[in-house]
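Listed below are the residues making up each chain.
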Amino acid sequence: PPVIRREDYAPFAWAVPTTRLDFRLAPDATRVTATLDVERNPAADPSPELRLNGDSLTAESVTVDGAPATWRMDGPDLIVTLPGERHSVEIVTIIDPSANTQLMGLYASNGMLCTQCESEGFRRITFFPDRPDVLSTYAVRMEGDKAAFPILLCNGNRVAEGDNGDGTHWAEWHDPWPKPSYLFALVAGDLVANSKPFTTVSGRKVECNVWVRAEDLARTDHALESLHRSMKWDEEVFGREYDLDLYNIVAVSDFNMGAMENKGLNVFNTKYVLADPDTATDADFDAVEGVIAHEYFHNWSGNRITCRDWFQLSLKEGFTVLRDQMFSQDMRGEAVKRIEDVRILRAAQFPEDAGPLAHPIRPDSYREISNFYTATVYNKGAEVIRMMRSMVGETRFRAGTDLYFDRHDGEAATCEDFVRAIEDGAGVDLGQFRLWYSQAGTPRIAVSQMVEGDTLKLTLKQTVPATPGQPDKQPMPIPLKVAVHSRSGALGAEQLIVLDSAEQTFDLPLAGPDPVVSINRGFTAPVVIERSLSREDLVFLAAHDDDPFARSEALQELGVAHLVGAARGTLSAEEQADGEAAIIAAFRASLADAALDDAMRGELLVLPSETYLFEAMATGTQLADPGAIHTAREGLKAAIATALAGELQAAHARTSAIPLDDPAGRGARKVKTLVLGLIAAADPATAASLAAAQYDAADNMTGRQGALMVLCSLDVPEREARLAAFYERYKDNALVIDKWFTLQALSFHPDVIAHVRKLAEHPDFTIRNPNRVRSLHMAFAGNPKGFHKADGEGYRMVADVILALDPINPQTAARFVPALGRWRRIEPGRAALMKAELERILASGNLSRDTFEQVSRSLE
Ligand code: HT7
Ligand code: ZN
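The numbers attached to residues start from 1 for each chain and follow its sequence in the written order. Key to labels: chains lettered from A, ligands numbered from 1, both in the order written. Under the rules for a predicted model, residues below a pLDDT of 70 receive no local features and side-chain atom pairs below 80 are neither given nor counted, while totals for whole chains, interfaces and linings still include all residues.

Trainee: It is not clear to me how helix 7 (residues 415-426) should be interpreted in this structure. Could you clarify?
Mentor: Residues lying three or four places apart along an α-helix face the same way, a consequence of the helix completing one turn every 3.6 residues. Helix length check: helix 7 (twelve residues) gives 16 Å between terminal C-alpha atoms against 16 Å at 1.5 Å per residue, within 8%. Among all positions in helix 7, only Cys415, Phe418, Val419, Ala421, Ile422, Gly425 and Ala426 are buried. Buried residues of helix 7, viewed axially, fall in a sector of 160 degrees; they line one side. Where helix 7 is buried, its residues touch helix 3 (313-332), helix 5 (375-392), helix 6 (394-408), strand 24 (412-413) and helix 8 (435-438). Secondary structure follows DSSP: runs of H or I at least 4 residues long count as helices, runs of E at least 2 residues long count as strands, and numbering of each begins at the N terminus. One or two steps after helix 7, the chain reaches glycine 427, where phi turns positive at roughly 70 degrees. By definition here, a helix of n residues has an expected span of 1.5 Å times n minus one. Buried, partly exposed and exposed are defined by the number of other C-beta atoms within 10 Å of a residue's own C-beta, namely 20 or more, between the two limits, and 12 or fewer respectively, with C-beta atoms placed from the backbone. Directions drawn from the helix axis to the C-beta atoms are what define this arc. We call two residues in contact if the C-beta atoms placed from their backbones are at most 7 Å apart.

Trainee: What is the right way to look at the sheet that holds strand 19 (residues 246-252) in this model?
Mentor: Strand-to-strand pairing in sheets goes through backbone hydrogen bonds, with the strands running parallel or antiparallel. With mixed pairing, the five strands of this open sheet are ordered in space as 17-18-19-21-20. The sheet terminates laterally at strand 17 (192-199) and strand 20 (259-260), the two strands that pair on one side only. Any two strands with at least two DSSP-identified bridges between them are counted as paired. Two elements, strand 20 and strand 21 (residues 265-269), share two bridges in a ladder whose sense is antiparallel. Looking at the pairing, alanine 259 lines up with phenylalanine 268 of strand 21.

Trainee: Even after reading the chapter, I still don't get the sheet that holds strand 27 (residues 478-486), so can you show me in this structure?
Mentor: The antiparallel open sheet is built from three strands, whose spatial order is 28-27-30. The strands lining the two open edges of the sheet, one partner per strand, are strand 28 (495-499) and strand 30 (515-519). Direction aside, the axes of adjacent strands within the sheet are offset by 40 degrees on average. By the bridge criterion, five bridges tie strand 27 to strand 28 in an arrangement that is antiparallel. Residue pairing in the sheet places lysine 481 in a bridge with leucine 496 of strand 28. Axis lines are fitted to C-alpha atoms, over the contacting stretch for helices. Their N-to-C directions set the angle, which ranges from 0 to 180 degrees.

Trainee: So what exactly am I meant to see when it comes to the site of ligand 1 here?
Mentor: Ligand 1 sits among 15 residues. The nearest are Glu118, Asn256, Met257, Met260 and Tyr373. Counting only elements with at least two residues in the shell around ligand 1, the list comes to strand 20 and helix 2 (282-297). Reported domain spans reflect what an automatic or database domain assignment gives. Residue assignment places the shell around ligand 1 across two domains, with domain 1 (4-190) and domain 2 (306-438) each supplying three or more. Near, as applied to residues and a molecule or strand, means the residue's backbone-placed C-beta atom lies within 6 Å of it.

Trainee: Please clarify how the pairing of strand 25 (residues 444-452) should be interpreted in this entry.
Mentor: Remark: a regular strand shows side chains that alternate across the two faces of the sheet. Relative to strand 26 (residues 455-463), strand 25 is paired through nine bridges, and the arrangement is antiparallel. Bridged to glutamine 449 within strand 26 is leucine 458. Hairpin geometry of strand 25 and strand 26 is characterised by an intervening segment of two residues between the two adjacent antiparallel strands and by a positive phi of about 65 degrees at glycine 453. Pairing of strand 25 with strand 31 (residues 528-530) involves three bridges; the strand directions are parallel. Looking at the pairing, alanine 446 lines up with glutamate 530 of strand 31.

Trainee: Got a minute to help me understand the UniProt feature "domain: Aminopeptidase N-like N-terminal" (unreviewed entry) in the chain in this structure?
Mentor: UniProt positions are given in the numbering used here, feature names are shortened, and annotations may be inferred rather than shown by experiment. If you check UniProt for "domain: Aminopeptidase N-like N-terminal" (unreviewed entry), the listed places come out as residues 25-183 in our numbering. Taken end to end, residues 25-183 comprises 0% helix and 53% strand; its first and last C-alpha atoms sit 20 Å apart.

Trainee: What exactly am I supposed to notice about the environment of phenylalanine 238 here?
Mentor: Locating phenylalanine 238 in the fold gives a position in helix 1 (residues 221-238). Owing to 18 C-beta atoms within 10 Å, phenylalanine 238 belongs among the partly exposed residues under this scheme. With 582 residues separating them along the chain, phenylalanine 238 and leucine 820 place their C-alpha atoms 41 Å apart. Those residues in contact with phenylalanine 238 that lie beyond four places of it in its chain are Arg323 and Thr401.

Trainee: Mind showing me how you'd approach the environment of serine 534 here?
Mentor: Along the chain, serine 534 falls in the loop between strand 31 and helix 9 (535-544). Taking the number of C-beta atoms within 10 Å as the measure of exposure, serine 534 has 10 and is therefore exposed. Sequence separation of serine 534 and leucine 558 is 24 residues, and the distance between their C-alpha atoms is 9.0 Å.

Trainee: Teacher, can you tell me more about the nonpolar core here?
Mentor: Across soluble globular proteins, you tend to see nonpolar side chains buried next to one another. Counting residues in each nonpolar core, the largest one holds 253 residues, and the members touching the most others are Val187, Val250, Val267, Val273, Ala691 and Val798. Tallying contributions element by element places helix 10 (residues 548-568) first for this core, with ten residues. If near-sequence neighbours (up to four positions away) are discounted, valine 798 is found in contact with His777, Ala781, Phe787, Phe816, Ala819 and Leu820. We define a nonpolar core as a collection of buried residues of the types Ala, Val, Leu, Ile, Met, Phe, Trp, Tyr and Cys that are connected via C-beta atoms lying within 7 Å of each other.

Trainee: Before we go on, may I ask you to explain the environment of valine 321 in this structure?
Mentor: Along the chain, valine 321 turns up in helix 3. Put simply, valine 321 and aspartate 55 are 266 residues apart on the chain and 30 Å apart in space, counted from C-alpha to C-alpha.

Trainee: What is the right way to look at the packing of helix 17 (residues 684-697) against helix 18 (residues 701-712) in this model?
Mentor: The N-to-C vectors of helix 17 and helix 18 enclose an angle of 155 degrees; their axes lie 8 Å apart at closest approach. Comparing their axes, helix 18 and helix 17 come out roughly antiparallel. Between helix 17 and helix 18 the crossing geometry is left-handed. On the side of helix 17, the interface is formed by Ala687, Ala688, Ala691, Ala692, Gln694 and Tyr695, while helix 18 contributes Gly703, Arg704, Ala707, Leu708, Val710 and Leu711. In this classification, the charged set is Asp, Glu, Lys and Arg, the nonpolar set is Ala, Val, Leu, Ile, Met, Phe, Trp, Tyr, Cys and Pro, and all remaining amino acids, among them Gly, are polar. A breakdown of the residues in the contact of helix 17 with helix 18 according to their chemical character gives nine nonpolar, two polar and one charged. With respect to orientation, any angle under 35 degrees is reported as roughly parallel, any angle over 145 as roughly antiparallel, any angle of 65 to 115 as roughly perpendicular, and every other angle as oblique. Take the far helix as the reference: if the near one is turned anticlockwise from it by less than a right angle, the crossing is left-handed, and if turned clockwise, right-handed.

Trainee: Looking at this model, I keep getting lost on the domain arrangement of the chain. Mind explaining?
Mentor: Interface size is commonly expressed as the accessible area that is lost once the parts come together. Domain annotation of the chain identifies domain 1 (4-190), domain 2 (306-438), domain 3 (447-531) and domain 4 (731-860). Between the C-alpha centres of domain 2 and domain 3 the distance comes to 23 Å. Contact with domain 2, which involves 14 residues of that partner, is made by 14 residues of domain 3. Taken together, the elements giving at least two residues each to the side of domain 2 that touches domain 3 come down to helix 4 (334-353), helix 5 and helix 8.

Trainee: For this particular structure, what's the right way to read unusual backbone geometry?
Mentor: Generally, phi is negative for residues other than glycine and the peptide bonds are trans, each holding for most cases. In the segment running from glutamate 118 into serine 119, the intervening peptide bond is cis, with an omega of -5 degrees. Here serine 119 is to be found in the loop between strand 11 (112-116) and strand 12 (136-145). For aspartate 514, which is not a glycine, the phi torsion comes out positive at approximately 50 degrees. With respect to the element layout, aspartate 514 can be found in the loop between strand 29 (503-509) and strand 30. According to the C-beta neighbour criterion, aspartate 514 is partly exposed, with 13 such atoms within 10 Å.

Trainee: Would you take a moment to explain helix 21 (residues 752-760) for this structure?
Mentor: Where helix 21 is concerned, the buried positions are Val752, Ile753, His755, Val756 and Ala760. Down the axis of helix 21, the buried side of the element spans an arc of 160 degrees, and every buried residue falls inside it. Helix 21 presents Ala754 and Lys758 as exposed residues on the side facing more than 90 degrees away from its buried surface. Contact partners of the buried residues in helix 21: helix 20 (734-745), helix 22 (770-781), helix 23 (784-787) and helix 24 (793-805).

Trainee: I keep staring at the packing of helix 4 against helix 10 and nothing clicks. Help me out?
Mentor: In helix packing, the relevant descriptors are the interaxial angle and the interaxial distance, both defined with respect to the helix axes. Running from N to C, helix 4 and helix 10 cross one another at 40 degrees; their axes reach a closest spacing of 9 Å. Here helix 4 is positioned oblique relative to helix 10, judged by the angle of their axes. By crossing handedness, the relation of helix 4 to helix 10 is classed as right-handed. Contact residues: helix 4 offers Ala335, Arg338 and Ile339, while helix 10 offers Pro548, Phe549 and Ser552. Residue composition of the contact of helix 4 with helix 10, grouped by class: four nonpolar, one polar and one charged.

Shown next, in the form of structure tokens:
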């Protein structure tokens, strides 16, 4: 497959001011008539040919201005010869939604028909310039069987509808906002809506609907309320008002990602719509709110201003992730949400930045753009914009975003346009900062310090590691919030410093004797801080820092230093004992600290994940050993649980007594399951009986799932009975059955691989539903114990899934590859096994573009 390069961008030769689409809907043969009014684009090189992208399409007919056209196929694309300045081109295609297993374009899901067009799905519906810089106004007519598809939805406003009297009916839709084809959407199905109007700041009444199948209606209130909260927040915080009279959200059960921001007609994975306390955890509720907000915020950052080309994807995704993170921080509490977001970044993005698939947030080339919907483009993209905000402050940042929205409204813009608007609006020079868009790799900052009189001299050295295709890097501007505390208890004031050369020394005032530096407070920059702070200093920060993020960070640092040492086998017996003692003391303090709420306590009781420890262990020339990491971490959990048995059981009893609807209940539920997990490491029998009791008494999914999670990793009689009860209770609810698969796939049970193999044979398993595949095999690929089983059986199983899934749903298949692609940073035994699986996949031939690109890059 050819490589597409950012530097080759050229504007399209033709503009398409209006597009008319006529759909005769039928599950196995939908007839699409597309009429494109085209005119020469004066800003582009003239061409007598119009290239219309297609993917697996055949043209039934092509006419230009009502007469047969001169046309030919060029691979999947249709080329039409156009002699004049302005023409009307009509194309008829017939597509088979029921055979569309890729879930791109028009496909069937659970009896309905729906679309997914980002990034290049529209070309599977009709021939079209399927690129984000061709904006067109759409008028759509859809007609279909009234019994099968009583509801017919499209972008914009419904302008007419009618009944043909023969069992079919039709609707016409018009979207007044010009949009690229990737934002087109259509849904036809037997749906009901939960509706509630929203009145915008200027008084526009918006009809808001959440459409689902009738049996799911009772679980849609949270989604609808989240939408209203998002609409209000965007008005207040970014000055953005909604711009249509209708906002439709439709939930579908077969979906490749989380949701899609199609103009006025968002299509959502049911996972991010449906929630009630009996079937969804607190985390699920948060995810629904976050994804609803994300898609809503795209209306401005993505739809009103879209991307010029797919290399600019972070323009809309990075900015929108930042906006949804800010929203959730405002809704749920700043510190805890920030800690969660940083945990996600470290688990998903740092490994990507350190591996064979590393790429800048604005990539330079790709073979398959679907492979670039990554944590780098999304989450690091958000961090990069967050850094701009930290540097200029809230007010000037808002001036920058106002200018951006104003200047580029209605355009297909670039990341450069965004940076320039922030520069102009906020009055800041971001010249060197642009390196964050072009350089991949997570910067590492080595910290050293010296006291001179009443000043602390803080010396910082940055290195940006080499990444594929980028051997040499330049220093980047790195904003860091710092404070210099004193071990006497005096806390220093926070200040922002910007490290913008390879090495720099900053003079900071001392707050008292024995300074302790709190650095990268609030995680101002997505970097790795390398320093060797004494255990005492870390314990001091964990207990006293006035930045809650920094407190949790100090505990993580304490855990990482100890566990990496333990996994490498470099700790003396004394160091091992001292390290454990310090961590136990910090856990004891967190459990006892009455000033903490449980939501924050829960964050402080989380040990660094095995993925994060993998990253910390595999630095420089050192390799990660997942087996040793797992043993060390489980050992530390057992040591904590043995030393704090009484405190943990007391915490479990205290949090169990807090009722579901108590405002403190959420935090309590988090702590309850965490302490149960710790108890299990030292005393499986007690943990099993507590977990079984928690399961039996639970009046909500958070408690039930937490108890089952702990039971799943134990080889105890309570396990089977609760798993069976859970299945029996929820067998008709697909999203909850997904949880049932995931809990078993993620477990540390010695027989986890056998369990996963058996579950793949379960009548409820299907490889065709992405939620189900993610719930079983994707979860397993993230199970550090099972996936990294030393004999390679886990790797083999994942490679088999990739091969089986690739012909069915290449996008989802390709998403498994990064797990195997980490082989270079792993100890030689496992590395050889992982590499062999990648080679086996490549040798199988006939791979999709998606999987081929990921596997071949992973082997380079
Ligand atoms: N912008 C949306 C991306 C998306 C997508 C991409 C490829 C294949 C399927 C997809 N479904 C949705 C999601 C978002 O970031 O809001
Ligand atoms: Zn998005």
